[in-house]
Amino acid sequence: MPVSVDLDGLDGLSRSERIAVLRRRISGAAGPAAASPAAPVTSTAPVTSTATAPVLEPVPTAAQRPTRPVLPVPSALSALLPEGGLARGSVVAVSGAGSLLTGILASVTASGRHAAVIGMPRLGLLAAAEMGAQLHRLALVPNPGSDPVEVAAVLLDGIDLVVLGLGGSAVPPSRARAVVARARAKGATLVVTDGRWDGAELTLSARVDGYDGPGSGDRRGRGRVRAVRLGVEVQGRAIRPRTGRLVVASAGEGVEWSTARENGPTMTALSS
């Protein structure tokens, strides 16, 4: 853009003085745009490229990690389990006193969920009903044939809890891993009992420690048994072993679970 410069007043000035006056007039006439280019602006703040810089998510603490959905168990037993119930998609091994397994079946079906029992023709249905089991939500396969593991794998597709009685047999690790993967994919829980199954996430064992109800003194050992005391141990790959004493006691027309309290007459169970 051309700039108009006043040439008056230059007479009598030397060459260098004229040049200095002309430079000042040119600068004033052109305004800030005619000034020398400004120095580049620099910043000391670091520049981060959003296209390449990785976004680091904070590592959640144990309390912030999401918990898995679980199937309910008797309230007295839930305190011993690391997640308060049987985690969906897991395999749990149960052994010992049958009241433990019966109580689990009762809690699951009473909550509106469905269960299936395979290879256990002597399951105590009356005891399960007294503990609150809803038998119309319980499927029974007492004689599953030559391959009960395959029957269990099929039922994991649509049943919340599948109980598999192994009849004293051992399941090969490769077969067990395939069934575990199926249970995890379907979100079902498999309980195995009466046999060997390597790789179970939790192992629950129960023993009869004694009975409540028989009289004391001259009447010791006489009268009706009102409760059974169970010693329960829980073991797992990611937890320390836990033990507790539970009571299965008659209450009206049903049976209730509670934590053992050391009071009242107790008859010790005979060792087997």
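Because the structure is predicted, anything quoted here is derived from the model rather than measured. (Residues numbered from 1 in each chain as written. Predicted model: local features only at pLDDT ≥ 70, side-chain atom pairs only at ≥ 80, totals over all residues. Heavy atoms only, no water.)

Chemist: I'd like to hear about helix H3 (residues 98–110), residue by residue, with values.
Modeler: Taking 1.5 Å as the rise per residue, H3 with 13 residues should run 18 Å; its terminal C-alpha atoms sit 18 Å apart, in good agreement. When we look at burial in H3, the residues that qualify are Leu 100, Leu 101, Thr 102, Gly 103, Ile 104, Leu 105, Ala 106, Ser 107, Val 108 and Thr 109. With its phi angle positive at about 95°, Gly 112 sits one or two positions after the end of H3. (Helix = DSSP H or I, 4+ residues; strand = E, 2+ residues; numbered from the N terminus. Expected span 1.5 Å × (residues − 1). Buried < 20%, exposed > 50% of the residue type's maximum accessible area, 1.4 Å probe, protein only.)

Chemist: Explain the nonpolar core to me, and be specific about the residues and the numbers.
Modeler: Counting residues in hydrophobic clusters, the biggest one holds 36 residues, and the most contacted among them are Leu 77, Leu 161 and Leu 204. Considering each element in turn, this core owes the most residues, six residues, to H3. Those residues in contact with Leu 204 that sit more than four places away from it in its chain are Leu 77, Leu 81, Val 92, Ala 93, Val 94, Ser 95, Leu 100, Ile 104, Glu 233 and Val 234. Within the second largest apolar cluster, 21 residues are counted, among which are Ile 118, Leu 156, Leu 164 and Val 171. (Core = buried A, V, L, I, M, F, W, Y, C linked by side-chain atoms within 4.5 Å. Contact = heavy atoms within 4.5 Å.)

Chemist: For the confidence of the model for the protein chain, give the residues involved together with the corresponding values.
Modeler: Mean pLDDT over the protein chain: 81, with 74% of residues reaching 70 or higher. This stretch, residues 47–51, has a pLDDT under 50; its non-local contacts, to residues over four places away or in other chains, come to one contact. (pLDDT = per-residue confidence, 0-100.)

Chemist: For the packing of helix H5 (residues 148–155) against helix H6 (residues 173–186), give the residues involved together with the corresponding values.
Modeler: For the pair H5 and H6, the least separation of the axes is 9 Å and the interaxial angle reads 15°. Put simply, H5 runs roughly parallel to H6. Once H5 is placed against H6, the crossing between them reads as left-handed. For the pair H5 and H6, contact is made by Val 149, Glu 150, Ala 153 and Val 154 and by Arg 175, Val 179 and Arg 182, respectively. Taken together, the residues that form the contact of H5 with H6 break down as four nonpolar, no polar and three charged. (Axes fitted to C-alpha atoms, helices over the stretch in contact; angles between N-to-C directions. Parallel < 35°, antiparallel > 145°, perpendicular 65-115°, else oblique. Left-handed = near helix turned anticlockwise from the far one by under 90°. Nonpolar A, V, L, I, M, F, W, Y, C, P; charged D, E, K, R; others polar.)

Chemist: Now, about the pattern of salt bridges: what can you tell me, with residues and values included?
Modeler: Tallied over the entire structure, the rule returns 11 salt bridges. The residue Arg 68 makes a salt bridge to Glu 83 at a minimum N-O spacing of 2.4 Å. Placement of Arg 68 in the loop between helix H1 (15–30) and strand E1 (70–71) and of Glu 83 in the loop between helix H2 (75–78) and strand E2 (86–87) is noted, with a sequence separation of 15 residues between them. Linking Asp 198 and Arg 196 is a salt bridge whose minimum nitrogen-to-oxygen distance equals 3.2 Å. Residue class for Asp 198 comes out partly exposed when judged on its relative accessible area of 36%. One network of salt bridges, in which partners are shared, links Arg 68, Glu 83 and Glu 201. (Salt bridge = Lys/Arg side-chain N within 4 Å of Asp/Glu carboxyl O.)

Chemist: Explain the side chain of Thr 109 to me, using residue names and the numbers behind them.
Modeler: Structurally, Thr 109 is set in helix H3. Accessibility expressed as a relative area gives 1% for Thr 109, which makes it buried. Setting aside its immediate chain neighbours within four residues, Thr 109 contacts Ala 115, Ala 133, Gln 134 and Arg 137.

Chemist: Can you explain a nonpolar patch on the surface? Please cite residues and give values.
Modeler: Residues Leu 125, Leu 135 and Leu 140 make up a contiguous nonpolar surface patch of about 220 Å² in total accessible area. In this fold, Leu 135 is placed in the loop between helix H4 (125–130) and strand E5 (138–141). By relative accessible area, Leu 135 is classed as partly exposed at 37%. (Patch = residues over 30% accessible without salt bridge, like charges linked within 9 Å, V, L, I, M, F, W, Y side chains within 5 Å. Areas by Shrake-Rupley, 256 points an atom, 1.4 Å probe, with all protein chains shown as cover.)

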